[in-house]
Amino acid sequence: MRKLTILLAFLGLALLTGCTAWLGAGSVMKAIVSIGFVGFMATVLAQLAVDAILGLAWHAACRDIPFWQLLVSRMIRDAAASCLPFSQLGGMVIGIRATCSSHLFAGRRGRTISGPEAACANLVDITTEVMGQILFILTAVLCLVAHQQSSPFAKPVIIGLVLLTLGIGGFIWTQQHGGSLLKRAGRMLGHNMATQWQDAMMSSADSLQERFDAIWSHPRRIAEAAFMHYIGWLGSAGTIWVAYYFLGAKLSFSGAIAIEGVACGIMSVSFLVPAGLGVQEAAYIALGSAFGIAPSVSLGLSLLRRGRELVIGIPMLLGWQAMEMRSLRRNAPDQPEPEASTPAPVTAPPSGEQSP
């Protein structure tokens with residue numbers, strides 16, 4: 001899997017380089033510079049507003065965890081997926097770890113979160129996010145068909161949307177029956193593992209399933225979280241509209257929804273490519289051309305989006321590392337200083353005896 005991820009990263013980087021060479025580095029740079037500092041900061045602020053909506057969506061499903069902890073964990077998870085050379089799966093692992101240590105950022109309002117609880121919370125958040133994404137992609141396809149009835153993207157995206165819906169349905173079923181499946185695996189492998197490992201696996205399965213059951217027992221909260229994620233996806237289309245506006249491209253908000261939604265559908269299929277290298281750029285170029293936007297402007301938009309992700313993501317990752325170091329210092333056992341050794345007193349031998 002690691003070799004495949006590295007290979008896909010190099011292929012994506014080659015595709016990005018090829019697109020830049022084909023369009024001309026000068027024209028792409030001109031499009032990037034045209035947005036200006038004010039326009040770039042407007043896209044950054046718009047993305048921070050979207051991040052707040054995503055934090056609220058997570059909190060709607062997991063209300064026993066403070067909002068600030070979930071918001072910080074979500075931003076670190078996204079930063080790991082977009083700024084580090086990992087796929088979305090690697091960002092998921094870092095997100096779970098960040099959820100466990102984010103209470104240090106929240107201060108008195110935060111609380112310690114165990115590993116199983118953090119894993120459960122992240123899986124539920126990703127599930128509700130995909131549920132909202134399905135509705136968003138459907139909205140994007142409708143906007144695209146309304147603009148261009150014979151769009152070549154409509155049919156493949158709809159097929160991918162059906163597969164994504166089937167996949168998330170299976171993912172939900174796995175969460176609702178994951179404990180029993182893990183127990184079955186423990187029983188089947190019981191002869192090939194140590195007894196303490198098997199007991200730990202069984203107890204972890206019970207704990208994980210209890211947390212899943214507690215969350216999925218509130219379907220109204222799940223629906224609310226999915227709808228909030230849908231609002232967040234619409235907000236991401238709003239950031240694209242703002243960026244195109246400052247780049248001088250004329251695009252309606254429905255057009256921004258079509259471009260962002262279909263691009264997200266394409267990138268969901270290529271989730272193994274780290275940060276969607278090359279895939280994001282090709283999608284923006286092709287979809288922007290359908291709305292009469294110059295390819296160099298769409299490529300500049302994609303590069304500006306990556307710059308925005310770095311401006312937000314790198315401070316979040318540095319803050320997460322600071323939280324980890326603080327946690328290590330707090331949990332480090334206090335070791336007493338070694339006492340200075342004193343020589344044993346020399347006593348004179350009793351009278352009548354000779355010393356050796």
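Residues numbered from 1 in each chain as written. Predicted model: local features only at pLDDT ≥ 70, side-chain atom pairs only at ≥ 80, totals over all residues. Heavy atoms only, no water.

A. Quick look at the packing of aromatic side chains. Under the defined criterion, the tally for this structure stands at five aromatic pairs. Where Tyr245 meets Phe246, the ring centres are 5.4 Å apart and the plane angle is 85°; that geometry is what we call edge-to-face. Overall, the relative accessible area of 54% leaves Tyr245 in the exposed class. One residue, Arg77, lies across the ring of Trp58, its end atom 5.3 Å from the ring centre. (Phe/Tyr/Trp six-rings, centres within 6.5 Å; stacked < 30°, edge-to-face > 60°. Buried < 20%, exposed > 50% of the residue type's maximum accessible area, 1.4 Å probe, protein only. Lys NZ or Arg CZ within 6 Å of the ring centre and 35° of its normal.)

B. Layout of the packing of helix H10 (residues 219–246) against helix H11 (residues 253–269). H11 packs onto H10 with a crossing angle of 115° between their chain directions and a minimal axis gap of 8 Å. Along this stretch, H10 crosses H11, giving a crossing that reads as right-handed. Contact residues: Trp233, Leu234, Ser236, Ala237, Gly238, Ile240, Trp241 and Tyr244 in H10; Phe253, Ala256, Ile257, Ile259, Glu260 and Cys264 in H11. Considered class by class, the residues forming the contact of H10 with H11 number eleven nonpolar, two polar and one charged. (Axes fitted to C-alpha atoms, helices over the stretch in contact; angles between N-to-C directions. Helix = DSSP H or I, 4+ residues; strand = E, 2+ residues; numbered from the N terminus. Left-handed = near helix turned anticlockwise from the far one by under 90°. Contact = heavy atoms within 4.5 Å. Nonpolar A, V, L, I, M, F, W, Y, C, P; charged D, E, K, R; others polar.)

C. Spotlight on the packing of H11 against helix H12 (residues 279–290). Between H11 and H12, the least distance of the axes is 9 Å, while the angle of their chain directions is 145°. When you trace H11 past H12, the crossing you get is right-handed. Residues Ile259, Glu260, Val262, Ala263, Ile266 and Met267 of H11 form the contact with H12, whose participating residues are Val279, Gln280, Ala283, Tyr284, Leu287 and Gly288. The residue inventory of the contact of H11 with H12, partitioned by class, reads nine nonpolar, two polar and one charged.

D. Expanded view of the environment of Ala283. Its place among the elements puts Ala283 in helix H12. Taking the relative accessible area as the measure of exposure, Ala283 reaches 5% and is therefore buried. For the pair formed by Ala283 and Gly265, sequence separation is 18 residues and the distance between their alpha carbons is 9.8 Å. Among all residues touching Ala283, those that are not within four sequence positions of it are Ala263 and Ile266.

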